[in-house]
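Here's the letter readout for the chains.
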Amino acid sequence: MRWLAQLRMRMLMLFGRGNARARLDEELRDHLERQIEENIAAGMTAEEARLAALREFGNPALLREQARGTWNWIWLEGMLRDVRYGMRTLGRTPGFAAIAILVMALGIGANVTMFTIVRSVLLKPLPFAEPNQLVMVYERGVVDEADSQFNVVTGGMFTEWKRQNKTFQDIGLAGAGGSEFNLSGAGGQLPEKLHGVNCTWNLLPLLGVKPALGRGFTADDDQLSANGTVLLTWGLWKRRFGGDPAIINQSVHINTRSYIVIGVLPAWFVYPEDPAVQLLTPVYHDKPADRMNSLGNHQFEVIGRLRPGVTAEQATADLALIARRLHDAHLDNPLIGKAAVARPLLEDMVVDARRPLYVLFAATGCVLLIACLNVANLLVARGAVRRKEQAIRMALGGGRLRLLRENLMESLLLAVAGGAGGIALAWAAIEWLAKTRPDLSRVEAVHIDGVVLVFTAGLIVLCALFAGVIGSMVSRDARLLASLQESSRAASAGQGRVRLRKGLLAVEVGLTVVLLVCAGLLLKSYERLRSSDMGCTTHNVLTMRIGLFGGRYNDRAEKVNFFSELLTRVRALPGVEGAGFVQAVPGQGYWGDGPFEIVEHPPQPVGQMQLAIYRWADPGYFAAMGIPILRGRSIDPGKRLDGADESVISKSFADQHLPGEDPIGKHLRVDGHVLTIVGVVGDTRYAPAEDPRPMEYLPLYSGFPNNGTLVIRSSRDVEQQALPVQRIVQSMDRDLPVSDVMTMEQLLGKSTMDASFDATLLAVFAGLSLLLAAVGLFGVLSYIVAQRTSEIGIRIALGARREQVLRKVMLDGLRPALLGLVLGLAASAGAAKEIASMLYGTEALDMSVFAGVSGALLLVAAAACLVPAWRASRLDPMRALRTE
Amino acid sequence: MGKPNDLVQGTLDLLILKTILLEPMHGWAIAKRIQQMSGEVLQVQQGSLYPALHRLEQQGWIKAKWAESETGRQAKFYALTGAGRKQLEAETANWNRLSAAIDLIVAEA
């Protein structure tokens with residue numbers, strides 16, 4: 001039961017401390033009084049008795065200390081006292097405290113944010129059952145070995161893999177990149193265009209996902225003859241159907257076909273490869289059998305669950321063998337991959353995000369280091385001011401450890417306050433991120449949680465130790481007397497501390513240079529990206545996506561009529577200068593390529609094939625987009641349906657596949673149709689960062705394509721045309737939704753968003769550290785000047801010229817900056833190599849960036865040094881000599 | 001007589017525990033009793049007594065109670081706890097062993 005008594009005692013001492021202290025005093029007083037009484041009884045006078053008792057009693061303060069020293073929580077008491085002292089000291093210099101806390105908050109906040117993101121996106125396991133067993137599988141070596149490392153899969157290949165593999169528990173398939181679905185309700189609800197995905201029925205059970213409501217797909221749902229079934233995501237169910245459970249077993253219209261809602265997925269579920277997916281349908285029901293059995297039509301993602309203990313490498317080998325056999329059995333079809341590759345699903349999802357995230361994380365680490373160095377620097381400066389006080393305390397017997405503890409407590413207080421601010425900053429930053437970047441892979445998983453808080457606590461302690469220990473390195477000065485003498489009559493301050501501060505500064509400047517260089521490279525690369533020539537007009541062009549599905553649009557003539565009427569009516573709108581329709585505009589992505597033959601050329605050897613990106617386009621598209629027609633003419637608008645036999649090729653297509661020939665009049669064979677080449681147009685880019693690729697334009701009015709982008713060019717504010725055009729679409733088909741209405745500039749901005757995001761963030765970090773470094777330089781130099789006031793005064797009194805003083809002080813400050821610059825440039829060269837893969841059209845060792853950064857840094861350093869140097873040169877020698 | 005606080009470290013604890021075995025006492029009385037019982041040989045300094053009392057209290061061997069003393073003033077009375085009683089037995093045994101051992105050596109000389 002002793003522990004119980006001890007616990008009681010502990011609690012008593014923790015909460016009744018003040019009381020216990022009073023009681024102790026009372027106890028000791030009682031003792032003293034009894035002693036006095038005894039002395040009086042022994043015959044002394046009252047005064048003698050008191051004095052004798054006190055003599056015998058000894059030092060009451062010491063006794064009290066000793067008795068209290070035995071109490072529990074004495075360490076806590078000491079700490080609280082340190083905290084009180086620390087607060088009081090910081091309170092005396094509120095400016096210093098505020099700056100230090102702000103600096104720490106920024107550093108810690110940035111780091112906590114990046115840590116949260118890196119952990120949630122890259123490290124946290126996927127929310128599926130046994131996520132380590134999940135892999136994404138690709139075909140490799142389709143047509144061209146080097147060009148196709150991670151090729152999406154054909155339905156035919158998938159069938160073979162599913163049948164023959166020995167390494168998977170289960171393997172499922174889904175439409176790559178999701179699909180666009182037109183969702184319209186039965187009751188005249190607004191039509192809506194949604195992102196969804198076709199998948200095999202086993203995909204969700206394979207992931208370990210069970211619907212929150214209703215049931216999942218069964219094998220019976222997943223075939224052509226079955227009734228249409230659809231699973232809704234939680235978000236879509238809440239938003240469009242008001243979270244009404246009665247929707248289960250009701251029917252909705254998807255692409256004008258009727259589907260029965262069989263279930264709703266749980267709220268936490270996010271489709272792994274595309275967070276925008278809002279509904280799922282069975283793929284074997286939706287797609288025609290020839291598509292599902294094709295060996296050439298690459299359009300599916302394959303997700304598999306490995307057997308326990310099987311590695312991704314073993315699965316790769318297993319599937320590659322099957323692919324190779326399939327390839328060898330159809331040597332005439334080069335569209336069949338020669339191998340396969342499986343990689344963990346998580347890795348597959350974040351492969352593009354990894355490097356930028358780690359670069360940003362490293363950048364925030366640098367910012368924090370700079371922040372700590374700066375705070376340490378400020379503490380050193382303050383330590384110098386308080387040197388006399390400390391020397392006196394030490395002379396009076398203050399323990400060195402005690403003084404160090406006080407310093408540490410001060411920096412801990414700063415770090416804790418900074419950390420609290422940092423957490424708030426991080427929280428705001430993450431909220432902002434989730435709002436601005438919903439497209440980031442796994443952004444929905446980014447949350448501040450317990451681990452992040454522990455990380456923050458660790459960061460706070462680390463910062464406090466770092467800043468505190470460096471900050472108090474100067475108070476280790478053992479030469480007590482020297483220190484007392486020096487500070488009582490100073491000619492100049494001890495060199496040791498100045499050297500330390502200069503060293504810290506050089507490191508700070510070096511880190512800043514690295515950040516500036518990286519930010520500069522990314523910014524330049526982004527500029528290049530934004531200014532890369534898309535090959536078409538990008539100003540005052542509006543785009544919107546339209547898809548015609550099912551019902552009457554199964555008839556090709558209906559589609560042709562729709563497109564031509566739409567374009568005629570849009571072109572007739574006042575202010576519209578041109579309109580066209582194309583599968584995808586420049587910058588909207590790769591879409592698809594396909595094999596072609598040039599009829600006039602000898603056939604390709606067996607097992608080889610020529611591929612080119614194709615685009616279905618209407619004859620007016622080139623004029624509308626300002627894509628120049630270099631030779632010949634555009635497609636004849638009068639040729640329709642089976643009569644549409646004309647094609648246009650891009651310049652690089654002509655250069656690559658018809659070199660030294662006149663392409664006009666030659667014939668292309670595409671998918672069994674023969675088309676006459678009637679024109680050559682300028683090259684365009686499918687993405688701002690990609691070089692133009694050979695492209696063939698196929699006639700929209702053949703009636704084959706059913707979806708694409710409508711482009712409208714106007715002489716002035718083109719966004720005003722959005723509503724009139726949408727009204728035309730509505731009047732032509734009430735159930736037809738229009739989506740992604742944006743100008744060409746917005747579209748390109750979206751496709752370069754990653755680059756702009758990374759560059760902007762890094763630039764902000766770099767700017768921040770430049771500011772910190774400037775503040776550091778300014779602070780150190782001001783301190784040096786203040787320390788040397790009397791020395792400078794003597795120099796001036798002895799005839800030193802003002803500009804000499806100015807130059808000397810300037811040089812004093814610039815020397816560490818120069819040293820830091822040299823170190824920083826060397827380190828930057830290494831860092832730039834690391835980010836080389838994030839750069840577009842910019843060398844890692846881009847001289848203009850390096851030179852610009854050096855210039856900017858020197859300018860800022862000079863500006864930071866100028867004020868203290870100027871002040872030093874303006875010193876009044878008489879007053880300077882009297883300062884001490 | 002040696003310096004009064006020359007008590008072997010730990011012995012003071014034993015003396016205090018032993019002194020209050022019979023009845024609760026306040027600090028002054030404990031010091032006086034030890035002095036009397038030892039025939040004025042052992043003088044417990046306040047500087048050692050109070051830290052020792054507080055340490056014993058923190059460790060749960062003795063407990064304190066404020067009560068009216070014989071002079072009518074409030075005083076802090078220390079009493080032995082159950083754990084303290086056991087501790088006293090242990091320390092007494094320990095002391096006996098130690099002093100016997102020292103005796104053997106000293107008697108030999």
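Remember, predicted model here, so these are calculated numbers, not experimental data.

Engineer: Would you take a moment to explain the sheet that holds strand E1 (residues 25-26) of chain B for this structure?
Structural biologist: The strands making up a sheet are joined through hydrogen bonds of the backbone, oriented either antiparallel or parallel. All names here are of chain B. Spatially, 3 strands are ordered E1-E3-E2 in an open sheet, and the strand pairing comes out antiparallel. Each end of this open sheet is capped by a strand with a single partner; those strands are E1 and strand E2 (62-68). Two elements, E2 and strand E3 (residues 74-80), share 7 bridges in a ladder whose sense is antiparallel. Bridge pairing in E3 places alanine 64 opposite tyrosine 78.

Engineer: Explain the domain arrangement of chain A to me, please; I cannot follow it from the model alone.
Structural biologist: Interface extent is often summarised as the accessible area lost during association of the parts. Domains assigned within chain A are domain 1 (2-72), domain 2 (77-128 + 353-489), domain 3 (152-336), domain 4 (495-532 + 750-884) and domain 5 (549-735). Taking only C-alpha atoms, the centre of domain 2 of chain A and the centre of domain 5 of chain A are 59 Å apart.

Engineer: What is the right way to look at the environment of proline 272 of chain A in this model?
Structural biologist: Residue and element names in this part refer to chain A. Here proline 272 is to be found in the loop between strand E9 (257-264) and strand E10 (279-282). With 255 residues separating them along the chain, proline 272 and glutamate 527 place their C-alpha atoms 32 Å apart. Among residues more than four places away in sequence, those in contact with proline 272 are Leu126, Leu345 and Met349.

Engineer: Would you take a moment to explain the nonpolar core for this structure?
Structural biologist: In summary, soluble globular proteins display a tendency toward joint burial of nonpolar side chains. Residue and element names in this part refer to chain A. Ranked by size, the top nonpolar core spans 103 residues in total, and within it Met104, Val375 and Cys518 carry the most contacts. Residue contributions to this core reach at least three from each of two domains, namely domain 2 (77-128 + 353-489) and domain 4 (495-532 + 750-884). In this structure cysteine 518 touches Ala363, Leu762, Ala831, Ala832 and Ile835, once residues within four positions along its chain are discounted. Ranked by size, the runner-up nonpolar core spans 63 residues in total, among them Trp161, Leu173, Cys199 and Leu207.

Engineer: When you look at the packing of helix H4 (residues 60-69) of chain A against helix H3 (residues 46-58) of chain B in this model, what are you seeing that I'm missing?
Structural biologist: Any two packed helices are characterised by the angle at which their axes cross and by the distance between the axes. Two elements in contact, H4 of chain A and H3 of chain B, have axes whose closest approach is 8 Å; the angle formed by their N-to-C orientations is 25°. Looking at the two axes, H4 of chain A sits roughly parallel to H3 of chain B. Like other packed secondary-structure pairs, H4 of chain A and H3 of chain B cross with a definite hand, here right-handed. When H4 of chain A is examined against H3 of chain B, the residues Leu63, Gln66, Ala67 and Gly69 of chain A are found in contact with a partner set consisting of Gln46, Gly47, Tyr50, Pro51 and His54 of chain B.

Engineer: Looking at this model, I keep getting lost on helix H7 (residues 155-164) of chain A. Mind explaining?
Structural biologist: Along an α-helix, residues three or four positions apart point the same way, because every turn accommodates 3.6 residues. Along H7 of chain A, the residues classified as buried are Gly155, Gly156, Met157, Phe158 and Trp161 of chain A. Buried residues belonging to H7 of chain A abut strand E1 (134-140), strand E2 (153-154), strand E3 (168-175), helix H11 (289-293), strand E11 (298-306) and helix H12 (312-329) of chain A.

Engineer: Before we go on, may I ask you to explain unusual backbone geometry in this structure?
Structural biologist: If a residue is not glycine, its phi is most likely negative; likewise, a peptide bond is most likely trans. For aspartate 740 of chain A, which is not glycine, the phi dihedral falls at a positive 50°. Looking at the element boundaries, aspartate 740 of chain A is found in strand E23 (residues 738-743). Backbone geometry places glutamate 40 of chain B, a non-glycine residue, at a positive phi of 65°. Among the secondary structure elements, glutamate 40 of chain B is positioned in the loop between helix H2 (27-37) and H3. Classification of glutamate 40 of chain B as exposed rests on a count of 9 C-beta atoms within 10 Å.

Cut-off values and rules
- Residues numbered from 1 in each chain as written.
- Chains lettered and ligands numbered in written order.
- Predicted model: local features only at pLDDT ≥ 70, side-chain atom pairs only at ≥ 80, totals over all residues.
- Pairing = 2+ DSSP bridges.
- Helix = DSSP H or I, 4+ residues; strand = E, 2+ residues; numbered from the N terminus.
- Domains from an automatic or database assignment.
- Contact = placed C-beta atoms within 7 Å.
- Core = buried A, V, L, I, M, F, W, Y, C linked by C-beta atoms within 7 Å.
- Buried ≥ 20, exposed ≤ 12 C-beta atoms within 10 Å, placed from the backbone.
- Axes fitted to C-alpha atoms, helices over the stretch in contact; angles between N-to-C directions.
- Parallel < 35°, antiparallel > 145°, perpendicular 65-115°, else oblique.
- Left-handed = near helix turned anticlockwise from the far one by under 90°.

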